[in-house]
Structures are given as structure tokens and as C-alpha cells.
Amino acid sequence: AFTLPDHRASSNLVSRSRRTPSSSPVTTNLPSLHATSTTSNDFTGFGNTGFLILAGGTGSRMKSSIPKQFLTLSSHPVLHYSLHLFLEKLPNYCKQHNLSPPCKVVLVMDPMYQPEYQSIVDAYDGQLVFANPGKERQGSVENGLNKLVESTSGTCEYVAVHDSARPLVTIPEILAVVSDAQNCGAAVLGVPCKATIKESDDGGATVLRTIPRERLWEVHTPQVVRVEALLRGFAKVEAENLAVTDDVSIIEALGETVRLTRGEYANLKITTPEDMDVASAILRERGEGDIVLKGTGGGVSGSSSESVVVDDSSSSPSMLFPPVKRASEKAYNSMKEVRFIDMDRDSKPTPSRWHE
Ligand SMILES: C[C@](O)(CO)[C@H](O)COP(=O)(O)O
């Protein structure tokens with residue numbers, strides 16, 4: 001039997017909703033920083049699990065010259081870290097450890113950018129497929145899920161949804177969260193909140209109350225759920241017009257169990273310019289090998305990284321042919337400028353929207 005790596009994130013807490021009798025190994029105590037797995041030894045891999053990479057954002061809220069998933073992070077586009085992980089690193093890991101590889105990878109991407117990635121899709125020979133984004137995150141996940149079902153003829157049992165803006169997730173975290181979902185039905189990576197969180201009901205002018213920190217978790221991706229439950233959840237969300245900002249919320253809306261799988265604080269979401277600095281420092285510290293993706297010309301994605309950096313000053317897809325090359329520094333600086341505008345003290349928090 002396969003034993004999950006010791007340093008893996010671990011499942012140890014079930015989110016509200018009903019707890020199923022089958023989830024008995026779970027404790028309700030807050031985890032220690034390196035709690036151990038409760039669901040490890042019968043894990044056989046990802047043969048029943050498809051991955052959705054959400055890369056459909058257009059950068060409209062960021063007002064960056066390019067969507068953040070195409071910004072260059074340590075010489076590769078942010079998105080390429082997830083592609084490399086799910087198409088190369090994880091399958092290789094599976095081979096070495098006698099685990100089944102992911103059954104399919106769906107790349108949710110604006111059709112305007114898809115031609116730039118067609119050669120990668122072709123090179124992975126059926127393993128990678130496109131789906132179009134929806135208006136918001138929920139619509140993108142639904143489209144990606146439908147594509148997963150269609151392209152696997154309904155044989156894929158679980159779906160792992162991942163933000164392309166989270167380039168630092170690790171294999172141990174993926175093993176942990178997928179294994180937890182396979183045991184429990186749904187699981188999400190998360191970390192206990194380090195910050196003290198205040199609630200305000202007057203737009204941030206005064207504090208209404210302080211939320212007890214010991215109950216708060218910051219959740220990340222991948223978020224892994226049974227395909228059947230997610231399809232059922234989408235039907236409910238649509239019928240009742242519910243607003244959901246992440247994927248396991250749909251399972252929560254069904255009143256079903258979601259396990260919290262202890263992840264790493266390093267699995268940050270690229271949102272502001274500082275995140276780029278922190279992410280590149282973490283990558284440097286990790287000192288991992290180069291990213292090599294098939295179909296990127298010479299096999300090295302870095303060599304084509306600028307070719308996916310697209311000038312959005314024109315909405316015309318014809319701008320993509322030939323690809324417009326941009327200095328990554330320029331893109332990064334434009335992101336910085338945007339954040340200063342974005343952080344205007346009068347601006348109100350907005351609900352989570354995929355097209356930000
Ligand atoms: C899913 C998520 O990454 C969890 O932290 C987050 O909810 C995504 O939010 P976004 O506003 O769609 O980026």
C-alpha cells in the first residue's frame with residue numbers, strides 16, 4: 001500500500017454540515033502544525049480524478065495589461081507552474097510510486113488565448129483539453145466540469161479544481177487533499193488563520209466585532225469533490241440562485257461533508273505585486289528544476305513565456321497572431337500601478353468574481 005509522504009498536509013477537521021459515520025477517523029480538534037494523516041494507506045492514485053485549471057480571468061478588475069496567470073514568475077508564466085505540475089511532475093511522481101496518473105486535465109481559458117496554448121494541448125495528446133470560462137468562477141467550474149465529463153465519457157469520479165494563480169502548491173498537498181476527498185467525498189486545502197480578523201458593517205470605517213480566530217481557516221486550492229455531487233450542487237445553486245465563491249461551498253450548500261486538509265501557507269494566490277515577490281523567493285528557496293512543457297518550442301516553456309504574454313490594448317484576437325512579445329518587467333510594473341489604483345481607500349470590497 002502507498003504511504004503518503006510524512007510532510008504531507010493532513011486531514012483532520014470536517015467542516016460544518018453533517019458528518020458521515022464513515023468519516024470516523026476525523027477529529028474535531030484544531031490540528032497541530034504538522035498533524036498526521038488519518039487517511040493514507042489505501043490511496044492508489046488519480047486514475048479516477050480529473051484536474052481543472054482555472055485560467056479564464058481576463059484581468060478586467062486588475063486592469064493589468066495582461067491577466068495575472070500570464071505574468072512571468074521566475075522566467076515562466078504563472079500558469080505554466082500548474083500545467084507542469086499536473087502534466088509532468090505529478091504523472092512522473094505517480095510512475096515512480098506506482099500510483100495511477102490524473103485521468104484528465106482541463107484548462108479553462110478564454111478562447112482568445114487558446115490558440116497560444118493549442119500546441120501544448122496537441123503535444124499532450126488527449127490528456128489536456130480546453131474549456132471556455134463562464135461569467136464568474138462558478139460558470140467556469142461548471143464548463144470545465146462538463147468538459148471533464150464529456151471528455152472522459154463520465155468515467156471520472158472526482159474533480160480537483162485549482163486556481164492557476166496558485167503556482168506553489170506541492171505534490172504532498174495534492175496527494176493529501178485528493179486522498180481525503182476520496183475518503184470523505186469532498187476536501188479542501190486550507191491553513192488556520194494567522195491574522196486577527198475584524199468584521200465591519202460600515203465599509204471599513206469602524207469595527208463591528210472580532211471573529212474568534214481559532215475557528216477560522218483560510219482555504220486554498222485544489223478543492224476536490226465528487227463529480228456527481230458537484231453536478232447535483234450546481235443544479236441547486238442555479239435553482240435557488242445561490243452565490244458561491246469557491247467550489248466546496250457548493251457541497252456545503254448541499255449539506256454534505258467537506259474535509260479540511262491541512263495545507264501549506266506557501267500555497268498563496270497571486271493577487272498583488274507583493275505576492276509575485278514572495279512567490280519568486282519561495283521558488284528560489286525551493287530550488288526546483290526548470291519547467292519543461294511539451295509543445296512549447298524546444299520543449300522549454302520558458303523559451304515561449306513571452307509569447308503568451310498578450311497585449312490586451314486591443315480586444316481583437318488577431319493581436320495574438322503573431323504573438324505580441326512583452327517584457328515581463330513591463331507587465332509586472334503595470335500590475336503594480338493597477339494595485340495602487342485598486343487599493344484606493346474609497347473602494348469597496350467586491351464579492352469574489354472570476355473575472356477580476
Ligand atoms: C478558491 C479560492 O482560491 C480559495 O481561496 C478563492 O475563493 C478564489 O477566489 P477568487 O476571488 O475567485 O480568486
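Residues numbered from 1 in each chain as written. Predicted model: local features only at pLDDT ≥ 70, side-chain atom pairs only at ≥ 80, totals over all residues. Heavy atoms only, no water.

> Even after reading the chapter, I still don't get the overall build of the protein, so can you show me in this structure?
When helices and strands are tallied, the protein shows 8 helices and 12 strands. Within the protein, the proportion of its 356 residues that are buried is 52%. Relative to all contacts within the protein whose residues are 6 or more apart in sequence, the contacts with residues 24 or more apart total 76%. If you sum the accessible surface of the protein, you get close to 16,100 Å²; carbon and sulfur atoms cover 52% of it. (Helix = DSSP H or I, 4+ residues; strand = E, 2+ residues; numbered from the N terminus. Buried < 20%, exposed > 50% of the residue type's maximum accessible area, 1.4 Å probe, protein only. Contact = heavy atoms within 4.5 Å. Areas by Shrake-Rupley, 256 points an atom, 1.4 Å probe, with all protein chains shown as cover.)

> Before we go on, may I ask you to explain helix H7 (residues 273-286) in this structure?
Owing to its 3.6 residues per turn, the α-helix brings residues three or four apart onto one side. In this model H7 runs 20 Å from its N-terminal to its C-terminal C-alpha over 14 residues, within 8% of the 20 Å that 1.5 Å per residue would give. Taken together, the buried positions of H7 are Pro 273, Asp 275, Met 276, Ala 279, Ser 280, Ile 282 and Leu 283. Of the residues trailing H7, Gly 287 is marked for its positive phi of about 55 degrees. (Expected span 1.5 Å × (residues − 1).)

> Even after reading the chapter, I still don't get the pairing of strand E11 (residues 217-226), so can you show me in this structure?
Looking along a regular strand, one sees side chains alternate from face to face of the sheet. Burial of E11 is extensive: 7 of the 10 residues sit out of reach of the surface. Sheet topology places strand E7 (residues 158-163) next to E11; 4 bridges connect them, and they run antiparallel. Across the sheet, the residue bridging to Val 161 is Gln 223, located in E11. With 6 bridges joining them, strand E8 (residues 186-192) and E11 adopt antiparallel strand pairing. (Pairing = 2+ DSSP bridges.)

> Explain the nonpolar core to me, please; I cannot follow it from the model alone.
Side chains that are nonpolar tend, in soluble globular proteins, to be buried together. Phe 46, Leu 79, Leu 83, Leu 107, Tyr 117, Leu 128 and Ile 174 are the most contacted members of the largest nonpolar core, which totals 54 residues. In terms of residue count, the dominant contributor to this core is helix H1 (residues 78-96) (10 residues). If we skip the residues at most four places from it in the chain, Leu 128 touches Leu 83, Leu 87, Val 105, Leu 107, Ile 120 and Val 121. (Core = buried A, V, L, I, M, F, W, Y, C linked by side-chain atoms within 4.5 Å.)

These results come straight from atomic positions and should not be treated as a statement about function.
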